[in-house]
Amino acid sequence: MGFLDAILGRRKPVRPDLDQLFAVPSAAVTLEAGAGFRPTGRGSVCFASVEGGAFARVRDEVRELLDADAAPGHGVPVEFSQDTYGYTWLLATHAPEDIGALVNDLHAVNTLLTEGGFGPQLLCSLTGFEREGAPLALVYLYKRGTFYPFAPVPGAIERREVGVELQVRALIENDLRVEPELARWFPVWGAPGL
C-alpha cells in the first residue's frame, strides 16, 4: 500500500486464505454442541462461469477429482447447476458425519479454480447444516476471506432467521474468521447444499 493510498483511506483487499475452510469441522462441533445444528453432508462452491476451453478443462478436472473420491453406489458425488443470476454452483455430497471429506472437496475445487487462473470468478463456498428441519449454511466469502451464517426460514419465500444467524455468529467466532460487516452477509436463496 502506497503513501497516496494511506492518505485517501484506501485499504488493501484481504487475500483469500483457503485454509480457513479447514476450520469448518471444528466449528461444526461447536454448532452441534451449542445450538443443535448438525452437518448435512452437502456443500457447494459458487463461481461466475467463463466461456472457453481453459475453463472447460478446469471444470472437467474438478469433476474427475471429486468423482474419483466417491464411493460406488452413494449417488452423484458432484453436480453442477446454474442459478437465476447466471452463476454456476458445484454441489458436493458426502455422508453427514464426514464433514472433513466435504471440506477437503470444497478446498480442492477452490484451489483448482484459483490455480487455473479463475480465482476472480470465485464468489463463495457454503457448508450445510440442519436443526429439526431448519437449514443453516456457513458461507465463506472468497474475496473477503471470512465466514458468515445464513439461516433461511424453511418454507418461506426469501426470509431469514436473523436471530439464529447472530446466535451462530456468537458461537463460531472463536472457530472461524467471521465477517464483521453485517451488510456483507448476503442471502444465498436457493443455493445448492442448503
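The structure we're discussing is the one just above.
Calculation criteria
Along each chain, the written sequence defines residue order, and numbers are assigned to residues from 1. Residue-level local features of this predicted model are given only where pLDDT is at least 70; pairs of side-chain atoms are given and counted only at 80 or more, and the full residue set underlies all totals for whole chains, interfaces and linings. Excluding hydrogens and water, the side-chain values take into account all heavy atoms of the structure. Segments assigned H or I by DSSP are reported as helices when at least four residues long, segments assigned E as strands when at least two residues long, and all are numbered from the N terminus. Note on classification: 1.4 Å probe, protein chains only; a residue is buried when its accessible area is under 20% of the maximum for its type, exposed when over 50%, partly exposed between these limits. We call two residues contacting when some pair of their heavy atoms lies within 4.5 Å. Accessible surface area values rest on a Shrake-Rupley calculation with a 1.4 Å probe, where residue burial reflects the displayed protein chains alone. Working definition of a nonpolar core: buried Ala, Val, Leu, Ile, Met, Phe, Trp, Tyr and Cys residues. They are joined through side-chain atoms within 4.5 Å. Residues form patches when they are more than 30% accessible in relative terms and have no salt bridge. Like charges link within 9 Å. Nonpolar side chains (Val, Leu, Ile, Met, Phe, Trp, Tyr) link within 5 Å. Salt bridges are defined by distance alone: a side-chain nitrogen of Lys or Arg within 4 Å of a carboxyl oxygen of Asp or Glu. What a helix should span is 1.5 Å times the count of its residues minus one. Picture the helix axis, draw a direction to every C-beta atom, and the arc is the one those directions span. Geometry of aromatic contacts follows a simple scheme: Phe, Tyr and Trp rings, the Trp one being its six-membered ring, pair when their centres are within 6.5 Å, and the pair is stacked under 30 degrees between planes, edge-to-face over 60, tilted otherwise.

This part is about the overall build of the protein. Of the regular secondary structure elements, the protein holds five helices and six strands. Every one of the 194 residues in the protein was classed for burial, and the buried ones make up 42%. For the protein, the proportion of contacts with a sequence separation of at least 24, taken over those separated by at least 6, is 65%. Split by element, the accessible area of the protein, about 10200 Å² in all, is 53% carbon and sulfur.

It is worth spelling out the nonpolar core at this point. In terms of nonpolar packing, the biggest core is built from 51 residues, with Leu 90, Phe 129 and Val 188 touching the most fellow members. No other element matches the eight residues that helix H4 (residues 99-118) contributes to this core. Dropping the residues within four chain positions of it, Val 188 is found in contact with Trp 89, Cys 124, Leu 126, Val 139, Tyr 148, Phe 150 and Leu 194.

Attention now goes to a nonpolar patch on the surface. Together, Val 162, Leu 166 and Leu 182 line one region of the surface with nonpolar side chains, adding up to about 230 Å² of accessible area. Residue class for Val 162 comes out partly exposed when judged on its relative accessible area of 45%.

Here the focus is the environment of Thr 30. Mapped onto the elements, Thr 30 comes out in helix H2 (residues 24-35). The class of Thr 30 is partly exposed, set by a relative accessible area of 23%. Sequence separation between Thr 30 and Asp 175 is 145 residues, and the spatial gap between their C-alpha atoms is 8.1 Å. With residues up to four places along the chain from it excluded, the contact list for Thr 30 reads Ala 35, Leu 171 and Asp 175.

The next thing to look at is H2. With 12 residues, H2 ought to run about 16 Å at 1.5 Å a step, and its terminal C-alpha atoms sit 15 Å apart, in line with that. Taken together, the buried positions of H2 are Val 24, Ala 27, Ala 28, Leu 31 and Ala 35. Angularly, the buried residues of H2 cover 110° about the axis, an arc narrow enough to put them on a single face. Turned more than 90 degrees away from the buried face of H2 sit Val 29 and Ala 33, all of them exposed. Two residues or fewer after H2 comes Gly 36, characterised by a positive phi angle close to 80°.

One pass over the full model with this rule turns up three aromatic pairs. Ring geometry for Tyr 148 against Trp 185: centres 6.1 Å apart, planes inclined by 15°, an arrangement best described as stacked. Here Tyr 148, found in strand S6 (residues 146-150), pairs with Trp 185, found in the segment after helix H5 (162-172); they are 37 residues apart in sequence, far enough to count as distant. By relative accessible area, Tyr 148 is classed as buried at 1%.

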